[in-house]
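Chains, contacts and geometry: an overview
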Amino acid sequence: MIQKTNSRKKHDLSQLIIPLAALGILIVFNLIRGIAIGDLGFFSITTRINNDGNMVLSGNLISIIDDASALAIIAMGMTLVTAACGGQDISVGAVGAISGAVFVKVLDAFGLDNISVLSIVVGLLAAIGVTIIFTLFNGTLVAVFKIQPMIATLILFSCGRSIAYMITGSATPQLNDKLINAIGKTIPGIPIPTPIFLVVIMALILGLVFKLTNLRLYTQTVGINQGAARLNGINPTAIKLLSFVLLGVCVSLASMIQVCRLNQLSHKTLLDAIEMDAILAVAIGGNSLGGGKFRLAGSILGSYIILMLTNTLNDMSVKPESIKAYKAIVIIIIVIAGSPAVKEKISAFWKKVHNSSRRAVAGR
Amino acid sequence: MKKILALVLALVMVLCAASALADGIKVGIINLDPAESGYREANVKDMTDTFTAENGYEATFVTAPTADKQLDAARGFIADGVKYILVSAADADGWDEVLQEAKDAGIGVFLFDRMVNADPSLYTAAVVSDMDKEGETAVAWLESLGLEEYKILHIKGQLGSAAQLGRSGALDKKCEAEANWTIVREGTGGDSWDPEEARKIAQAAIDANEDFNIIYAENDGMAQGAVAALDKAGITHGVDGKVIVMGFDCNKYALRELLAGNWNYDGQCSPFQAKLIDEMIKKLEAGEAIEGLNELNQIINNEVGFDAKTITQEDIDTYGLGE
């Protein structure tokens, strides 16, 4: 029994080796670059006084963690859907736009000049409610009608932003308000950006839910073998639908962060192309895109890696024309390093080294 | 059944009589989907507001997002015997045949906003924006400030788009020519002109302690994104601030930021072509010739830039796009 748990722990940690290594390599790369140009400013964290007169922390590392917030939250939801359904929801960006539109519409109903905690809470709850309806639509197509997730979510992927447009019309509402800044930037008196806390809270809630209940086991079972799950009394449809509900909550929260961060809602660009980064974060985090076992921490790490890469390239002032090419090269290296084929080769190599050294000892 | 048929016939006759009575200039207007952008929405509204019965027109409007639907609409208008066709083409290619048919039928064709790849003799005139001029106007405004040093954070739009090339071109040329004009950093908002990307670019520049005093963002959304990064870092901007903020497109919200002194400049990309076409049609109807066309039969739509110091609420109401 003890042996069993140990081996499980070992396996769990091995999943995080690749993302941790990637993060380490990016940090070392920036260190070397800093030493080469004689300026380690990339790692410095300073304080500034923002335009509202509050002290805030500033620096690349803070920016990376802060910028990754929306992505990390969506990546958590994406991980759950991936684990349970063995596929990805590509409509998260478009559904996020709908969620943002609902959020701002409610704020508008209360009056944009007169934003209060109440209007924000009502707005967020309404946004979450509407978003869950849309993600459940996806979930029903996937869980009940057994449509491939990518095809099922293609529908909202293509029409979601039009729905958001129908909600807000041609308006690009501006939200210049202290409370909005407190959510999207910093709360007066707390120098750490608020979105970072929201990621921590979301991770804690999901982490606790999966720690204290059997949900992790159920989700993984459904992801690995639906038939076996059903025979053991687990309802695969319910588990899949639940993963979409949780994704909906994640998307709403991320959408609110971005709206507050940019002080505006634009149905066309809100969370633009976030689905691709979210899927990438799940993959870099060592999760199988085919479903089954998952680690939320891996996906969060994956998000930080993506943003660290973006931030590094921006910091190096890479020409905008070629920034995507550099990004692609680094990502392909990370993904190949984490691929099963490479992992197998490496473990086989280790075994060989191990065995030959043992043989050498025995021979002596 | 017979009753219904009779009713329909009666209705048709009434409609025919009505249209004969209306006696306006028959025009067919083919535009793109208004949901496409704030620009297009304003453009469609401009057309419907100008070509009205009170203004002496009998106009039919079609908004179609694709080339084949637009071509069908154009053929329909030719069959209906309209006097003029106005087109903002979804696709520059494939118009030769239809334009020739229209010409043979004696129908005048006006292109607006978007050009087509066809011989200039096939259309009466084209009203278009000059993207190069938009950039030049903005750079000339910047030069007129007479700053000692121009340290620019340049945020480009969708790379390769006409708007990006025009707006970047003038700035790049100026920075090459003048020693005190430097581009500190440049980045792009990508294909969707994403404000979030613009914010990250500005954030990276701030984190690296780059010294810049101008943000040249190629549309309003990206300017707003960059400003969010400035606000967070406590860098003042606008009329009394450290950093000069420049945007393009003249959305209402951007012009309001100008009026409040938070931004400094906004360049117009005018969606208002209806009035120019209206004037040309009236001239043709009066038997006069259209003047001022270039070798491509184009008229360049006059576009302005707004300065935070001189903008008025009236400008916002007249020129602002969206809400």
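Quick notes on the rules
Residues numbered from 1 in each chain as written. Chains lettered and ligands numbered in written order. Predicted model: local features only at pLDDT ≥ 70, side-chain atom pairs only at ≥ 80, totals over all residues. Heavy atoms only, no water. Helix = DSSP H or I, 4+ residues; strand = E, 2+ residues; numbered from the N terminus. Buried < 20%, exposed > 50% of the residue type's maximum accessible area, 1.4 Å probe, protein only. Areas by Shrake-Rupley, 256 points an atom, 1.4 Å probe, with all protein chains shown as cover. Lys, Arg positive; Asp, Glu negative; His and termini not counted. Charge placed at Lys NZ, Arg CZ, Asp CG, Glu CD. Contact = heavy atoms within 4.5 Å. Salt bridge = Lys/Arg side-chain N within 4 Å of Asp/Glu carboxyl O. Polar contact = N/O pair within 3.5 Å; in protein donor to acceptor, adjacent residues only side chain to side chain. Nonpolar A, V, L, I, M, F, W, Y, C, P; charged D, E, K, R; others polar. Core = buried A, V, L, I, M, F, W, Y, C linked by side-chain atoms within 4.5 Å. Pairing = 2+ DSSP bridges. 1 Å grid on protein atoms, 1.4 Å probe; cavity = no way out; pocket = protein on both sides within 12 Å on 5 of 7 lines; lining within 4 Å. Points joined across faces, edges and corners; volume = space filled by probe spheres on them. Domains from an automatic or database assignment. Phe/Tyr/Trp six-rings, centres within 6.5 Å; stacked < 30°, edge-to-face > 60°. Axes fitted to C-alpha atoms, helices over the stretch in contact; angles between N-to-C directions. Buried area = accessible area lost by both parts, 1.4 Å probe. pLDDT = per-residue confidence, 0-100. Patch = residues over 30% accessible without salt bridge, like charges linked within 9 Å, V, L, I, M, F, W, Y side chains within 5 Å.

1. Re the overall build of chain B
- If you tally the helices and strands in chain B, you get 11 helices and 12 strands.
- With the C-alpha coordinates of chain B rotated into their principal frame, the extents come out at 80 × 45 × 35 Å.
- Counting across all 323 residues of chain B, residues that qualify as buried make up 52%.
- Just so you have it, chain B exposes about 14,000 Å², and 53% of that area is on carbon and sulfur atoms.
- Where the 27 positive side-chain charges of chain B centre and where its 56 negative ones centre are 4 Å apart.

2. A few points about the interface of chain B and chain A
- Counting residues at the interface gives 41 residues for chain B, matched by 35 residues for chain A.
- Taken together, the links from chain B to chain A amount to 5 salt bridges.
- The residue Lys-319 of chain A makes a salt bridge to Glu-186 of chain B at a minimum N-O spacing of 2.6 Å.
- Across the contact surface, chain B and chain A share 19 residue pairs in polar contact (both at pLDDT 80 or more).
- Going through the elements one at a time, strand E7 (181–188), helix H7 (195–207), helix H8 (220–233) and helix H9 (252–259) of chain B are the ones with two or more residues in the side of chain B that touches chain A.
- Counting residues per element, the side of chain B that touches chain A draws most heavily on H7 of chain B, which supplies 9 residues.
- Its residues assigned to classes, the side of chain B that touches chain A shows 14 nonpolar, 13 polar and 14 charged.

3. As for the nonpolar core
- Membership of the largest hydrophobic core comes to 92 residues, with the highest contact counts inside it found for Ile-73, Ile-74, Met-76, Phe-103 and Leu-206 of chain A.
- Tallying contributions element by element places helix H3 (residues 69–85) of chain A first for this core, with 13 residues.
- Ranked by size, the runner-up nonpolar core spans 32 residues in total, among them Phe-212, Ile-215, Ala-217 and Leu-258 of chain B.

4. Describing the pairing of strand E1 (residues 46–49) of chain A
Residue and element names in this part refer to chain A.
- Relative to strand E2 (residues 55–58), E1 is paired through 4 bridges, and the arrangement is antiparallel. In the sheet register, Thr-46 faces E2, and the bridge partner there is Ser-58.
- Counted along the chain from E1 to the antiparallel partner E2, the turn is 5 residues long, and its residue Gly-53 has a positive phi close to 90°.

5. Brief notes about the layout of surface pockets
- The computed volume of the largest pocket comes to approximately 1,200 Å³.
- Taken together, 41 residues line the largest pocket, and the ones lying closest to its centre are Lys-268 of chain A together with Ser-37, Tyr-39, Trp-193 and Asp-249 of chain B.
- Elements supplying a minimum of two residues to the lining of the largest pocket: helix H2 (38–50), helix H5 (131–144), helix H6 (162–177) and H8 of chain B.
- By residue class, the composition of the lining of the largest pocket is 14 nonpolar, 15 polar and 12 charged.
- A domain split of the lining of the largest pocket shows at least three residues from each of domain 1 (23–129 + 271–291) and domain 2 (131–269 + 305–319) of chain B.

6. What about the packing of aromatic side chains?
Residue and element names in this part refer to chain A.
- Per the stated rule, a full pass over the model turns up 8 aromatic pairs over all chains.
- Where Phe-42 meets Phe-43, the ring centres are 5.4 Å apart and the plane angle is 75°; that geometry is what we call edge-to-face.
- The class for Phe-42 is buried, based on a relative accessible area of 5%.
- A relative accessible area of 23% places Phe-43 in the partly exposed class.
- Judged by centre distance (5.6 Å) and plane angle (75°), the rings of Phe-210 and Phe-294 are edge-to-face.

7. Overview of the pattern of salt bridges
- For the structure shown, the criterion picks out 25 salt bridges over all chains.
- For Asp-211 of chain B, the salt bridge identified is with Lys-151 of chain B, shortest N-O distance 2.6 Å. With a gap of 60 residues between them, Asp-211 of chain B in the loop between H7 and strand E8 (214–217) and Lys-151 of chain B in strand E6 (residues 150–156) connect regions that are remote in the sequence.
- Asp-211 of chain B sits in the partly exposed class, given a relative accessible area of 40%.
- Judged by its relative accessible area of 19%, Lys-151 of chain B is buried.
- Beyond isolated ion pairs, a larger network of salt bridges with shared partners links Arg-33 and Asp-315 of chain A together with Arg-185 and Glu-210 of chain B.

8. Considerations on the sheet that holds strand E10 (residues 265–267) of chain B
All names here are of chain B.
- Judged by pairing direction, the sheet is mixed, and its 6 strands sit side by side in the order E7-E6-E8-E9-E10-E12 without closing on themselves. With partners counted over all chains shown, the strands left at the sheet margins are E7 and strand E12 (305–307), one partner each. Adjacent strand axes in the sheet meet at a mean angle of 15° when their direction is disregarded.
- Of the pairings in the sheet, the one linking E10 to E12 comprises 3 bridges and is antiparallel in character. Looking across to E12, one finds that Asp-266 is bridged to Phe-306.
- Strands E6 and E7 of the sheet are contacted by H7, whose axis makes an angle of about 135° with E7.
- Contacting E6, E8, strand E9 (244–248) and E10, H8 runs over the sheet at an angle of about 155° to E9.

9. Observations concerning the domain arrangement of chain B
Residue and element names in this part refer to chain B.
- In terms of domains, chain B is made up of domain 1 (23–129 + 271–291) and domain 2 (131–269 + 305–319).
- Taking the mean C-alpha position of each, domain 1 and domain 2 sit 33 Å from one another.
- At the interface, 4 residues of domain 1 touch 6 residues of domain 2.
- Carbon and sulfur atoms make up 59% of the area that domain 1 and domain 2 hide from each other, which totals about 360 Å².
- Of all residues in domain 1, the largest losses of buried area upon contact with domain 2 belong to Tyr-39, Ser-129 and Phe-272, amounting jointly to 81% of the total for that side.
- At the surface where domain 1 touches domain 2, the tally comes to 0 salt bridges.

10. Side note on the sheet that holds strand E2 (residues 57–63) of chain B
Residue and element names in this part refer to chain B.
- The parallel open sheet is built from 6 strands, whose spatial order is E2-E1-E3-E4-E5-E11. In this open sheet, the two strands that pair with only one neighbour each are E2 and strand E11 (298–300). Strand-to-strand twist across the sheet, computed as the mean angle between neighbouring axes with direction ignored, equals 20°.
- In terms of strand pairing, strand E4 (residues 108–112) meets strand E5 (residues 125–128) through 3 bridges, oriented parallel.

11. What about the confidence of the model for chain A?
- Scored by pLDDT, chain A has a mean of 90; 95% of the residues are at 70 or more.
- This model gives residues 1–7 of chain A a pLDDT under 50, and the stretch forms 0 contacts once residues within four places in sequence are excluded.

12. Details of a nonpolar patch on the surface
Residues and elements named next belong to chain A.
- The grouping of Ile-187, Ile-190, Ile-192, Phe-197, Ile-201, Ile-205 and Val-209 at the surface amounts to a nonpolar patch, some 510 Å² of accessible area in total.
- Checked against the element boundaries, Ile-201 lands in helix H8 (residues 194–212).
- By relative accessible area, Ile-201 is classed as partly exposed at 46%.

13. Describing the side chain of Thr-186 of chain A
- Relative to the helices and strands, Thr-186 of chain A is located in the loop between helix H7 (178–184) and H8.
- We classify Thr-186 of chain A as buried; its relative accessible area is 5%.

14. Considerations on unusual backbone geometry
- The phi dihedral of Asn-263 of chain A is positive, around 55°, even though this residue is not glycine.
- When its relative accessible area of 3% is taken as the criterion, Asn-263 of chain A is described as buried.
- With a phi angle near 60°, Cys-250 of chain B is a residue other than glycine that sits in the positive phi range.
- Judged by relative accessible area, Cys-250 of chain B falls into the buried class, the value being 0%.

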